Every structure is written in C-alpha cells, then in structure tokens.
Amino acid sequence: MGRVVSHDSWPPFQHLLIFLIIHFIHFLPLIPESTLTLAYQYNLFILLGNLLPILPLDGGRMVQLMGDHLLPYQASHMFSIVVSVVTIGLGLIITYSTGILSLSLLLLFIFLLLENRLEWKNRYYRWLRFLLYRHSSPISFTKNVYLAVDERKRLMDVFPHFYRNRYHFIGLKGHHERVFISESECLSLYFEQKAHQLTIGDIVR
C-alpha cells in the first residue's frame, strides 16, 4: 500500500526563519543592537514555550504524533491530554517555587488547563470524527495490523484498537480459520448500515 499523509502540523519552523532574518539584519546598520537582541529573546521564548508538551501547543501535538506510533488513536489522544495536564501542574509548581509566577503566566496556565479540560470532555466526539474520516476519506497506509478479538465483541469494542497510521484487519481470537474482515467493511457496517449491535462473530462468519 502507499504512504499515508499526515494532516498534523509540525513545530513552527518559521521561528528558525526569524532567527536567520535577525542574524542577517545584524550586519546592516538599520535597527539598533538592543532591538535585535530583544527580538531574538522574544522569538526564542515563544519557540521554546510552543514546544512544551501541552495541547494545543505544537509540543503537545508532537507528543500525540509520537504516541500514535505506539498506541491506538484513542489511547494516544488521552495520553497526550494527561501529559499536558501534568506538564501544566509542574509548570505551576516550578514557577511558583522559583518566584517567577506572574499574573500573565498564571492566566496562560489557566487558559491551557481549560483547553485541555475541553479536549478531555470532547475526546469521544473527536474519536468518532477520526472514525468517520477513516470511513469517508480513503487513505493508503504502509503497514497493516491484524486484530484477533473475541467473537462476542461488538464493532464499538474493536474501534478503540485502531491506530492512526495503520490499516486493520479483524479476525476471531482462538480460531484456526484465517478469516478476516477489513477495517473499511467494519466502518461501512457501522456508519452506513447502522449495525451497531452486531458482534465480530456475526460479521466474520
């Protein structure tokens, strides 16, 4: 199968471009040295802050993208939210204990915490959107995954095991017959035929 195209953005490399621009301007007598130094410091602060492992910052998105290679999509999403909240808590403790916690920084932490609370609250709908996208937008993948599940499992019990960058084939656990149903067929049964209560045993047989 072909390659999958990721729809997530990577960290803002435009900051590196800004560093280059500041470096070249440094050799031109256009802007005072103090202004360039301040611009460099601000750009560095924004870059490092944006790389913190907190959603919706780019660092948090990187954590989720790395988690997608190790965990199913649903578990990876929840893991990235937990990492975000833990990082926010550590940030509050460190900044308070070192005496650098300001009102603006506190408001920023509160904003990020509320964003992650909303992300956690909407995690189920985001997961359903992920499944619907897999169903409606055909994508090519470089790796297949074969899931052996209990025949009494329903479709909704199987979907949480779907990875982001892999294609899935589902079969029955403990059966010698190598009979599988594809991910596309499962999603079609769920979204188009509304076969919500069918078990994998009913489908595969």
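See the structure above.
Read on for a plain summary of the structure. Just so it is clear, the model here is predicted, and its values are computed rather than measured.

### Things to note about the overall build of the chain
Alright, step 1. Secondary structure assignment for the chain yields nine helices and three strands.
Alright, step 2. Each helix and strand of the chain, placed in order from N terminus to C terminus, yields the pattern α-α-α-α-α-α-β-α-β-β-α-α.
Alright, step 3. Put simply, of all contacts in the chain between residues at least 6 apart along the chain, 63% involve residues at least 24 apart.
Alright, step 4. Per element, the accessible surface of the chain, about 13,100 Å² overall, is 65% carbon and sulfur.

### Quick word on the packing of helix α4 (residues 73-97) against helix α6 (residues 123-136)
Alright, step 1. Contact geometry for α4 and α6: axes closest at 10 Å, N-to-C directions at 145°. The handedness of the crossing between α4 and α6 comes out as right-handed. Contact residues: Tyr73, Gln74, His77 and Met78 in α4; Arg123, Arg126, Trp127 and Phe130 in α6.
Alright, step 2. A class-by-class count of the residues in the contact of α4 with α6 yields four nonpolar, two polar and two charged.

### Remarks on α4
Alright, step 1. The end-to-end C-alpha separation of α4 is 36 Å, in line with the 36 Å expected for 25 residues at 1.5 Å each.
Alright, step 2. Contacts made by the buried residues of α4 are with α3 (58-68), α5 (103-121) and α6.
Alright, step 3. Downstream of α4 by a residue or two, Gly99 has a phi angle that is positive, lying close to 80°.

### Concerning the nonpolar core
Alright, step 1. Counting residues in hydrophobic clusters, the biggest one holds 24 residues, and the most contacted among them are Leu131, Leu155, Phe159, Phe162, Ile170 and Ile200.
Alright, step 2. Of all the secondary structure elements, the ones that give two or more residues to this core are α6, β1 (144-149), α7 (155-158), β2 (167-172), α8 (183-191) and α9 (200-204).
Alright, step 3. Tallying contributions element by element places α8 first for this core, with five residues.
Alright, step 4. Contact partners of Phe162, with chain neighbours within four places excluded, come to Pro72, Tyr73, Phe130, Leu131, Leu147, His168, Ile170, Glu183 and Leu187.
Alright, step 5. Core analysis: the second largest hydrophobic core is formed by five residues, Ile54, Leu57, Ile88 and Phe109 among them.

### As for the pairing of β1
Alright, step 1. Burial along β1 is one-sided: Val145, Leu147 and Val149 are buried, while Asn144, Tyr146 and Ala148, pointing the other way, are not.
Alright, step 2. Note that β1 and β2 share six bridges and pair parallel. Opposite Asn144, over in β2, you have Tyr167 as the bridge partner.

### With respect to the packing of α4 against α5
Alright, step 1. For the pair α4 and α5, interaxial distance at closest approach is 10 Å and the crossing angle is 160°. It follows from the interaxial angle that α4 and α5 lie roughly antiparallel. α5 is crossed by α4, and the crossing has left-handed handedness. The segment α4 lies against α5, with His77, Met78, Ile81, Ser84, Val85, Ile88, Gly91, Leu92 and Thr95 engaging Leu105, Leu106, Phe109, Leu112, Leu113, Asn116, Glu119 and Trp120.
Alright, step 2. Across the contact of α4 with α5, the residue classes break down as 11 nonpolar, five polar and one charged.

### A look at the pairing of β2
Both faces of the sheet carry side chains from a regular strand, because those side chains alternate between them.
Alright, step 1. β2 sits mainly inside the fold: six of its six residues count as buried.
Alright, step 2. Here β2 shows no split at all, with Tyr167, Phe169 and Gly171 on one side and His168, Ile170 and Leu172 on the other all buried.
Alright, step 3. Bridging between β2 and strand β3 (residues 180-182) involves three bridges; their strand directions are antiparallel. Looking at the pairing, Gly171 lines up with Phe180 of β3.

### Focus on the packing of aromatic side chains
Alright, step 1. Following the criterion strictly, the structure yields 10 aromatic pairs and no others.
Alright, step 2. Where Tyr146 meets Phe169, the ring centres are 5.3 Å apart and the plane angle is 20°; that geometry is what we call stacked. Of this pair, Tyr146 sits in strand β1 while Phe169 sits in strand β2, and the two are 23 residues apart along the sequence.
Alright, step 3. One aromatic cluster in this structure is built from Phe141, Tyr146, Tyr167, Phe169 and Phe180.

Procedures and definitions
- Residues numbered from 1 in each chain as written.
- Predicted model: local features only at pLDDT ≥ 70, side-chain atom pairs only at ≥ 80, totals over all residues.
- Heavy atoms only, no water.
- Helix = DSSP H or I, 4+ residues; strand = E, 2+ residues; numbered from the N terminus.
- Contact = heavy atoms within 4.5 Å.
- Areas by Shrake-Rupley, 256 points an atom, 1.4 Å probe, with all protein chains shown as cover.
- Axes fitted to C-alpha atoms, helices over the stretch in contact; angles between N-to-C directions.
- Left-handed = near helix turned anticlockwise from the far one by under 90°.
- Nonpolar A, V, L, I, M, F, W, Y, C, P; charged D, E, K, R; others polar.
- Expected span 1.5 Å × (residues − 1).
- Core = buried A, V, L, I, M, F, W, Y, C linked by side-chain atoms within 4.5 Å.
- Buried < 20%, exposed > 50% of the residue type's maximum accessible area, 1.4 Å probe, protein only.
- Pairing = 2+ DSSP bridges.
- Parallel < 35°, antiparallel > 145°, perpendicular 65-115°, else oblique.
- Phe/Tyr/Trp six-rings, centres within 6.5 Å; stacked < 30°, edge-to-face > 60°.

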